[in-house]
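# Coordinate analysis (summary)
Now for the letters of each chain:
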Amino acid sequence: MVYKKTYYAEELETKHGIVTIEGPIPSEEIANLVFHEDLVAFRAPAQQHKAVTEIANLPEGRIIIVRDQNTIVGYCTFLYPDPLERWSKGQMKNLIELGAIEVIPKFRGTGVGKTLLRVSMMDDAMEDYITITTEYYWHWDLKGTGLNVWEYRKVMEKMMQAGGLEYFATDDPEISSHPANCLMAKIGSRVDPDSIQQFDQLRFMNRFMY
């Protein structure tokens, strides 16, 4: 598969000033930017900065960032699913996962998340992919936002919809373990019918087990 990556950028005026939402960003550039200390959702900021830089180096890897001058204050990652997850079972070259999305508390509620998703999908090459995201409530900042599980899920759904992702049913045990968890996906306009069928089989693997 040919991995085409076309850079797009958009400026967004927020109550905290203008930020730039841009990407895909090359690894060298990510490494040279400051990674904000409040980006702690997945691991310590220094470790996550390193992880995001490494993802940008992958052939399929895409990092879209929210930049406040020379500081990354938000980002999202796109890469092939984890080999331990069912979504990698078919080894589909045209299935990519929105693996992480994070924005520092200061910029939440300013439209940054939605713009991040929108800019992510501006590259025409994304029409060649099935883009998925798995949402688990235990990754959500319920304490920091003061939202309950269902309120947070609604926020996440609206944000994902800005990138064209919509809800898809699945029998994946981890997703099925709590009703707030969900699978969302966007099927690109150039994805072939065989790939869509393969994705449907991945979504409902358990029905073929008995």
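Heads up: the structure comes first, above all this text.
Scoring rules and cut-offs
Residues numbered from 1 in each chain as written. Predicted model: local features only at pLDDT ≥ 70, side-chain atom pairs only at ≥ 80, totals over all residues. Heavy atoms only, no water. Helix = DSSP H or I, 4+ residues; strand = E, 2+ residues; numbered from the N terminus. Rg over C-alpha atoms; globule rule 2.2 N^0.38 Å. Contact = heavy atoms within 4.5 Å. Areas by Shrake-Rupley, 256 points an atom, 1.4 Å probe, with all protein chains shown as cover. Lys, Arg positive; Asp, Glu negative; His and termini not counted. Charge placed at Lys NZ, Arg CZ, Asp CG, Glu CD. Buried < 20%, exposed > 50% of the residue type's maximum accessible area, 1.4 Å probe, protein only. Polar contact = N/O pair within 3.5 Å; in protein donor to acceptor, adjacent residues only side chain to side chain.

A few words now on the overall build of the chain. Along its length, the chain carries seven helices and nine strands. Computed over the C-alpha atoms, the radius of gyration of the chain is 17 Å, within 12% of the 17 Å expected from 2.2 N^0.38 for a compact globule of 210 residues. In terms of its C-alpha atoms, the chain occupies a principal-axis envelope of roughly 55 × 40 × 30 Å. A separation threshold of at least 6 residues defines the contact pool for the chain, and within that pool the share at least 24 residues apart is 66%. Carbon and sulfur atoms make up 51% of the accessible area of the chain, which totals about 10700 Å². Taking the 22 positively charged and 30 negatively charged side chains of the chain as two groups, their mean positions are separated by 3 Å.

Below, the discussion takes up the side chain of Glu-22. Take Glu-22: it is sitting in strand β2 (residues 17–23). Judged by its relative accessible area of 3%, Glu-22 is buried. A polar atom in the side chain of Glu-22 sits 2.4 Å from the side chain of Tyr-7. Setting aside its immediate chain neighbours within four residues, Glu-22 contacts Tyr-7, Tyr-8, Ala-9, Ile-63, Ile-64, Ile-65, Arg-67 and Val-119.

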